[in-house]
Structure formats: structure tokens, C-alpha cells
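Chain by chain, the residues run as shown.
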There are 2 protein chains.
Amino acid sequence: MTTTRTYGQFCGLARALEIVGERWSMLVIRDLMLGPKRYTDLQLGLPRIPASILSSRLNELEQAGVVRRRVLPQLDAGLVYELTEYGSELDHIMLDLGLWGARSLGYPKDGDVFTNDAAILALYATFQEEAARGVHVTYVLRHSDSLIIHAMIDDGTLKVSGGDHPAADLVIEPQGPELIDLTTGNLTAAEAMATGRVRIEGPFEHLELFTKLFHIPPKPEIEDGLALH
Amino acid sequence: MTTTRTYGQFCGLARALEIVGERWSMLVIRDLMLGPKRYTDLQLGLPRIPASILSSRLNELEQAGVVRRRVLPQLDAGLVYELTEYGSELDHIMLDLGLWGARSLGYPKDGDVFTNDAAILALYATFQEEAARGVHVTYVLRHSDSLIIHAMIDDGTLKVSGGDHPAADLVIEPQGPELIDLTTGNLTAAEAMATGRVRIEGPFEHLELFTKLFHIPPKPEIEDGLALH
DNA sequence: CCGGATCCTCGGTGATACTG
DNA sequence: CAGTATCACCGAGGATCCGG
């Protein structure tokens, strides 16, 4: 069943990869980082994962002590999967790895899914704690009718959740993937407004603040491999 | 050739996994973290990787801007692979992931390889910077005749290299995998000495210091999944 | 409807051998 | 030394079916 292919190395990284390095495993963990989910919710967030693979991964992760299945107390509420404490300690690693990968992300390809959870985690990963000291502001990001999240910044801390927020200081409605350009610095807040690529409800200064609070560092250019210095 | 299987998600983590998430990729990166290596050196550190896979992975990683191939200036010195700046920015993530996995590592299985590089990275990953403030000490770890490394601690900074060090303050010769137990706290320095499981040359206090400088936190116990609190 | 198990196909993996 | 060629096999991926 779970043959648990090994690397044959006495090495922490090799062990980690044996546990969470299988295809889809880390994306399952990503989806569980924001809270317990049931099997079908996981399938919604990972549309391309075959049911049999999801089942295998959940079993392997449970075996390794990363994920736990829990029967909900409410009657007929079914089963949820959640991270154990050990699994939760992957959180900052996943955020860092996600931020590293975001620098090679580019624009969404046709057919790419963009989930609520991915948007929420993107904000956590790109959050600049230092820039948020003393700041109190609430944003609502409306990518589409079905993809709405809000972020509350409260003196260096960040809390992001799905859904709307009635008392947001600024509502941001990107017309496409311009938030990427805003957070990388490829697009300034003023340009985004001038070209109509981002619509806002609220004071403009809060949009400028947003670009300071959430930032993706640029990917280094490819250096010349033949430099002899 | 490199079909570059995708996840179909607009997500930094998914992108990162498309780049470095294939089987063996991260272990190749691990071996390049300590400096440029040639193809055959990579094979030595990864004995179970098929040559064709190593070749594919190196090409994929080069394509993604993580690895660069460089022709050595010296005549006939051949070709080396090294991390680009972008690839080097995975360093802390690999160390963190390796430390996470080390907590599930246990003892080496029969046939496991334990390379110089893995030993060096283990020290970096487990290093307690705070405990090393004001400390100046040099260790030599002799696991076997062919696996010798030395670690130099210099006021909060650590430098580990392969090979011996003539002026070490303490030489540690574990008789087996007891260094794991020492760094997890399962075995105290005094017990290790009393039971003869570790031989040292130098003052005993430096062994106690060692257990403070390098530490693997315990893996949390599996909680009861049915707790209703 | 939830939570899978089962069957089938295809391509990546892994072992061995061989070449510039 | 640095790979490519060939091939068996098994895990991924897709669809369908099954028990509660």
C-alpha cells in the first residue's frame, strides 16, 4: 500500500522529503494550514488531484504524525483532517518556500485555479512585519465575486480571513493579476490607479501603504556562468 | 524531455514545488549548498540516484535558474554545478526542513549512507546561535576514518568544514549514532561518557557545551484526535 | 452526499549498459 | 568524465463504482 519509497540517506532533509516530499503532499498541508478541512473541501482546493492520490497522501501523512483525522462532535457532521502540532511546525517553512516560488510565478496560466486559501497564504507570506509596526488598517481584496478576503493589520500582526469585512479601511478590486505587480514593485500604486488596473474604495494612501506591507522581493537575474573574476 | 508537470494552481508554493519538488531535486540542491560539485561528486553523495535522473534534474534546475553549470578555468578541470543566487536563497529553507525531518529521523537503517555533507549540514541546522554568544571553541567530530568534520564556533557564528582540525579544543568520537541522542537531549554528556558511547579527547565541559550549542527539539507526541475539550 | 476503493492507461523512475 | 540509450515497472492520473 504505502511503500514509502526511501532515499537511503541518514539525513534530516531526506527524511523530511520521505514524509512530505511526495507529489501533492505539501499542497495538502498548505490547504490544512488554515484550519481543518473535510475530504471534499480538500478536493475543491486541489481540483487536479486524483481521489486515490489524495486518499493515499492523507494516510501517509497521518502515519507520519503530520495530519490527524477527527470525527466532528456534531451528529453526521462527518470527518475532518487537520494538522498535528508537528505538522503545524511546517507552517513557516511552507510560507518561506511559497514566497521563494512566488518570485518565479509570473501571471496565471489559462486554467490555473486561484483559491481563497492561496490568496490568504500569499498575504501571510509576503507580509512585512517591520513595515507594519504601529499600523492599524483593514483591507478587503475582491478578486472576483467568489474570491474575497480581508486582511487586518494591527501593529505588526496580521490576520487574514476569507470573506468580506464591513468596516474595511480600503477595498481593493484588482481587474486582473496586478496585485503581483504591486507587491513586486513592478507597478506603483499611482500607476495602478492611473491605468485603471486597480479599483479602490477608500483613501489612496492606504493603497500605497499596502505596497509597503506586502512585498515580493525580485528574483535575481541569471549571472554569467563563465565569469572568471 | 522535461515535461515539467504542473499543478495548475496560481500559488507560490505550487510553483516552488514545480521547480524543486520533483524527486531527488532538493537533495541535489542540498549537496550543492556547500559549494560547487562535479557530476561524479554528486553521484557519490547520492548513491541511489540513477544517472539519467540526476541529468534530468540538473537540466531542470538549470532551466529554472536555480543551478548553473560552470566550466572550470583550469585546463581539463571539467565542469561543475553550483547554485545561483536564487538557488542559494533556498538555504535557510532547506536547513529548516532538514531540522524538521531530523525529528523523525531515528537511527540509521542498514544501508543508509551518511555523507560528510549531511553531517555538516546537520550541525548548521541544529546550531543554537543564542547559546553560542561569547563562545569560542573548535570541535572535531570523528564518526569514522572517512567521516571527519570540524566545527568552529566564534561568538555566535558557526563554520563547519570537512576534514580534521589540528588545534581543536575537543575531539568527539561517537561509537555509533549517539550524537543524535546527545542533541535531542535523550542522552546527557555525562551518561554518554559513563557508558562509553562517546570517546573524547579534551575537557569534558566542552562536551556539555556541545549539547547546548547543537540541539534538535523533540517531536511532539501524537495528540488524541478525539478530544472534545 | 461523503469518503473513499477499484480498474485502467501512461509516463516517470530506476537499473543496467553503452558512448563521446 | 559526463552523460545518453534502453527497458521493466510502478506510481500518477483519470474514470467509475461502492459502502455508509
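Reading the values: the criteria
- Residues numbered from 1 in each chain as written.
- Chains lettered and ligands numbered in written order.
- Predicted model: local features only at pLDDT ≥ 70, side-chain atom pairs only at ≥ 80, totals over all residues.
- Heavy atoms only, no water.
- Least-squares fit on C-alpha atoms with pLDDT ≥ 70 in both.
- Contact = heavy atoms within 4.5 Å.
- Core = buried A, V, L, I, M, F, W, Y, C linked by side-chain atoms within 4.5 Å.
- Buried < 20%, exposed > 50% of the residue type's maximum accessible area, 1.4 Å probe, protein only.
- Helix = DSSP H or I, 4+ residues; strand = E, 2+ residues; numbered from the N terminus.
- Phe/Tyr/Trp six-rings, centres within 6.5 Å; stacked < 30°, edge-to-face > 60°.
- Expected span 1.5 Å × (residues − 1).
- Arc of directions from axis to C-beta.

Participant: Give a detailed account of the relation of the copies chain A and chain B, specifying residues and quantitative values.
Facilitator: Mapping chain A onto chain B calls for a screw motion: a turn of 180 degrees about the axis and a shift of 0.0 Å along it, with 0.0 Å RMSD after fitting. Classification of the inter-copy transformation places it as that of a two-fold axis. In terms of C-alpha distance to the rotation axis, chain A has Ile93 of chain A as its closest residue, with the C-alpha 3.1 Å off the axis. A share of 100% of interface residues in chain A that are also interface residues in chain B marks the association as one of identical surfaces.

Participant: Could you give an account of the nonpolar core, naming the residues involved and the relevant values?
Facilitator: Side chains of a nonpolar character, in soluble globular proteins, are inclined to be buried together. Formed by 68 residues in total, the largest nonpolar core has its most connected members in Val66, Leu97 and Trp100 of chain A together with Val66 and Trp100 of chain B. Contacts of Trp100 of chain B, omitting those with residues within four sequence positions, involve Ala16, Ile19, Val20, Val66, Tyr86, Glu89, Leu90 and Ile93 of chain A.

Participant: How would you sum up the environment of Val71 of chain B? Please name residues and give values.
Facilitator: Residues and elements named next belong to chain B. Tracing the chain through its elements places Val71 in strand β1 (residues 67–71). The exposure class assigned to Val71 is partly exposed, which follows from its relative accessible area of 48%. As a C-alpha pair, Val71 and Tyr81 span ten residues in sequence and 8.9 Å in three-dimensional space.

Participant: Account for the packing of aromatic side chains, naming residues and giving values.
Facilitator: Taken as a whole and judged by the stated rule, the model has twelve aromatic pairs over all chains. Their ring planes at 80 degrees and their centres at 4.8 Å tell us that Tyr7 of chain A and Trp24 of chain B sit as a pair that is edge-to-face. Taken as a pair, Tyr7 of chain A in the segment before α1 (12–20) and Trp24 of chain B in the loop between α1 (12–20) and α2 (25–32) lie in two separate chains rather than in one. According to the relative accessible area criterion, Tyr7 of chain A is buried, its value standing at 5%.

Participant: Got a sec to walk through helix α4 (residues 51–63) of chain A? Specific residues and values, please.
Facilitator: What sets the pattern is the α-helix's 3.6 residues per turn: residues three or four places apart point alike. All names here are of chain A. Relative to the 18 Å expected for 13 residues at 1.5 Å per residue, α4 spans 18 Å between its end C-alpha atoms, a close match to the ideal helical length. By the burial criterion, the buried members of α4 are Leu54, Arg57, Leu58 and Leu61. The buried side chains of α4 occupy one side of the element, clustering within an arc of 100 degrees when seen end-on. Of the surrounding elements, those touching the buried residues of α4 are α1, α2 (25–32), α3 (39–45), β1 (67–71) and β2 (79–83). After α4 finishes, the residue Gly65 shows a positive phi value of roughly 80 degrees.

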